[in-house]
Amino acid sequence: MNEIICPNCKQAFKIDEAGFADILKQVRDKEFEVELANRLSVAEREKKSAVELAEANMKNALQEELAAKDRELTQLKSQSDTLLAEKLAQKEMQISQMQSQIQNAQTQTKLEVLEAVKIIEKERDSLANDLKIKETEKKSLEIAIKDSFTNKLVIKDETIKMKDDEIARLKDFKQKLSTKMVGETLELHCEIEFNKLRATAFKNAYFEKDNDSRGGNKGDFIYRESDEAGNEIISIMFEMKNENEETATKKRNEDFFAKLDKDRKEKSCEYAVLVSLLESESELYNTGIVDVSHKFSKMYVVRPQFFIQIITLLRNAAMNSMEYKAELNLMRNQNMDITNFEEKINTFKTGFAKNYDLASRKFKTAIDEIDKTILHLQKTKDALLSSENNLRLANNKADDLTIKKLTRGNPTMKEKFDELKK
């Protein structure tokens, strides 16, 4: 406990530490506030004095600076007036020069415009003339195209009419043919083809119709050929088979193999050949020459266009065989070893097979070439049939040629043509 004496009543009283601290704080706070107020007052006075001093100093500095700026401005104004006068004189001179250049440029531009106008007028006149020429050419072309198209149409119509007439005539002819007449027509074809070459290629050959029916059968034709000594080189029994398109029952080549083989044996012929137009859609028989000896010995089926070729092929092979037969007789007379003969026979067989294979491939190539030719002719026919459409398109393109399209993308020419229209 602390004892405190009041300064007014002089009485003593006791107070604990907390109360004492509170009283002490009150006294200190009051003194602090008084001291703080005094110091703030002093600081405010000092601040005011400093501001007034700074303002006076700044005012003096600004006045001095303003005076310097006035002096500098006066000097710059004097220099600027001189420089401005000089620049103004230069600008007036430049303006005078530019005006002179502008006048010259305007004069040059007028001359260039006049020259350009003259050139464009010439081009306009030239284009107008060209247009007239093109119009004339267009009309001439239209007339020529129409005339050509008309002629082609007339030719095409005449050609189609001729084909139609020919087809109708052939159909009528076939309908009137009997089965016997159809067969005789193919026989006549083969006989004519043979007779064309008889005098040059088949001087010693016999080719006549088989009229010997003592055995109950007879073929169509027999071919025989002998050498100068009378030795028979080759003999072939031919049978020709055609078929009327109107016949209800279609025959097959195999239907005639047995009879042809029997005729060959009865007439003592070495080979049998069926010249046939039967089975026209068969890929096998349409190759040209077909060896059917796996069914009947030494028998072939050929299309009419290979009639001469099969004779030549078999004849050449028989000629080679005759040489080997002669050598065989000589060897037998000289008691030579039969082995050589067998080797030559094998060589002959190999050569014959090779020749036959080569000939078959040649025939196949010929057939392929014929097919290509037919395809090419068909394409040509299709092209002719489509000519009407192409000519129509050409005429449409000619009609579509206009001044608007000619001047598209060319404003100068469009303007000139517009002027012409006016």
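Residues numbered from 1 in each chain as written. Predicted model: local features only at pLDDT ≥ 70, side-chain atom pairs only at ≥ 80, totals over all residues. Heavy atoms only, no water.

Participant: What am I meant to see in the overall build of the protein chain here?
Facilitator: The number of helices and strands found in the protein chain is 8 helices and 8 strands. For the protein chain, with 422 residues in total, the buried portion stands at 23%. Considering only contacts within the protein chain whose residues lie at least 6 apart along the sequence, 59% involve residues at least 24 apart. Only carbon and sulfur atoms are counted for the fraction: they give 55% of the accessible area of the protein chain, which is about 30900 Å². (Helix = DSSP H or I, 4+ residues; strand = E, 2+ residues; numbered from the N terminus. Buried < 20%, exposed > 50% of the residue type's maximum accessible area, 1.4 Å probe, protein only. Contact = heavy atoms within 4.5 Å. Areas by Shrake-Rupley, 256 points an atom, 1.4 Å probe, with all protein chains shown as cover.)

Participant: Which parts of the structure should I look at to understand the pattern of salt bridges?
Facilitator: When the charged atoms of two side chains with opposite charge come close together, those side chains can pair. Applying the stated criterion across every chain, the model contains 13 salt bridges. Glu 239 is paired through a salt bridge with Lys 259; the nearest N and O atoms lie 3.9 Å apart. In this pair, Glu 239 sits in strand β5 (residues 232–241) while Lys 259 sits in helix α3 (residues 257–266), placing the two residues 20 residues apart along the sequence. With a closest N to O distance of 2.3 Å, Glu 254 and Lys 295 form a salt bridge. One end of the pair, Glu 254, is in the loop between β5 and α3; the other, Lys 295, is in the loop between β7 (289–291) and β8 (299–302), and 41 residues separate them in sequence. Accessibility expressed as a relative area gives 41% for Lys 295, which makes it partly exposed. Taken together, the shared-partner salt bridges connect Glu 239, Lys 241, Lys 259 and Asp 263 into one network. (Salt bridge = Lys/Arg side-chain N within 4 Å of Asp/Glu carboxyl O.)

Participant: Before we go on, may I ask you to explain the pairing of strand β6 (residues 271–276) in this structure?
Facilitator: Every regular strand shows the same layout, with side chains that alternate between the two sheet faces. Burial runs high along β6: 6 of the 6 residues are buried. A two-sided burial pattern is seen for β6, the buried positions comprising Tyr 271, Val 273 and Val 275 on one face and Ala 272, Leu 274 and Ser 276 on the other. In this sheet, β6 lies alongside β5 in parallel orientation, the contact comprising 6 bridges. Across the sheet, Glu 239 pairs through a bridge with Leu 274, a residue of β6. Of the pairings in the sheet, the one linking β6 to β8 comprises 4 bridges and is parallel in character. Residue pairing in the sheet places Leu 274 in a bridge with Val 301 of β8. (Pairing = 2+ DSSP bridges.)

Participant: Is there a simple way to explain the packing of aromatic side chains in this structure?
Facilitator: Note on aromatic pairs: each is described by the distance of the centres and the angle between the planes. Under the defined criterion, the tally for this structure stands at 10 aromatic pairs. On the numbers, 5.9 Å between centres and 80 degrees between planes, the contact of Phe 194 with Tyr 223 is edge-to-face. Here the residue Phe 194 occupies a position in helix α2 (residues 179–201), and Tyr 223 occupies one in strand β4 (residues 221–226), the gap between them amounting to 29 residues. Looking at Tyr 223, the relative accessible area reads 0%, which means it is buried. Plain terms: the ring middles of Phe 257 and Phe 296 are 6.3 Å apart, the flat faces sit at 75 degrees to each other, and that makes the pair edge-to-face. Of this pair, Phe 257 sits in helix α3 while Phe 296 sits in the loop between β7 and β8, and the two are 39 residues apart along the sequence. (Phe/Tyr/Trp six-rings, centres within 6.5 Å; stacked < 30°, edge-to-face > 60°.)

Participant: I'm lost on α3 in this one. Help?
Facilitator: Within an α-helix, residues lying three or four positions from one another point in the same direction, as the helix has 3.6 residues per turn. Along α3, the residues that are buried comprise Phe 257, Leu 260, Asp 261, Asp 263 and Arg 264. For α3, the buried positions fall inside an angular range of 160 degrees around the axis, keeping them on one side. The secondary structure elements touched by the buried residues of α3 are β5, β6 and β8. Positive phi shows up at Ser 268, right after α3, with a value of about 55 degrees. (Arc of directions from axis to C-beta.)

Participant: Please explain the confidence of the model for the protein chain as it appears in this structure.
Facilitator: The predicted model of the protein chain averages 76 in pLDDT, with 71% of residues at 70 or higher. Confidence drops under a pLDDT of 50 for residues 173–183, and excluding neighbours within four residues, the segment shows 8 contacts in the predicted structure. (pLDDT = per-residue confidence, 0-100.)

Participant: Please explain unusual backbone geometry as it appears in this structure.
Facilitator: Glycine aside, a negative phi is what most residues show, and trans is what most peptide bonds show. Unusually for a residue other than glycine, Ser 268 sits at a positive phi of about 55 degrees. On the secondary structure map, Ser 268 appears in the loop between α3 and β6.

Participant: Would you explain the nonpolar core in this entry?
Facilitator: One recurring pattern in soluble globular proteins is that nonpolar side chains are buried together. Core analysis: the largest hydrophobic core is formed by 28 residues, its most contacted members being Tyr 223, Phe 238, Val 273, Phe 307 and Ile 310. Elements with a contribution of two residues or more to this core: α2, β3 (205–209), β4, β5, β6, β8 and α4 (307–333). Among the elements that make up this core, the one with the highest residue count is α4 (8 residues). By size, the runner-up hydrophobic cluster in this structure holds 12 residues, among which are Met 237, Phe 257, Val 290 and Val 292. (Core = buried A, V, L, I, M, F, W, Y, C linked by side-chain atoms within 4.5 Å.)

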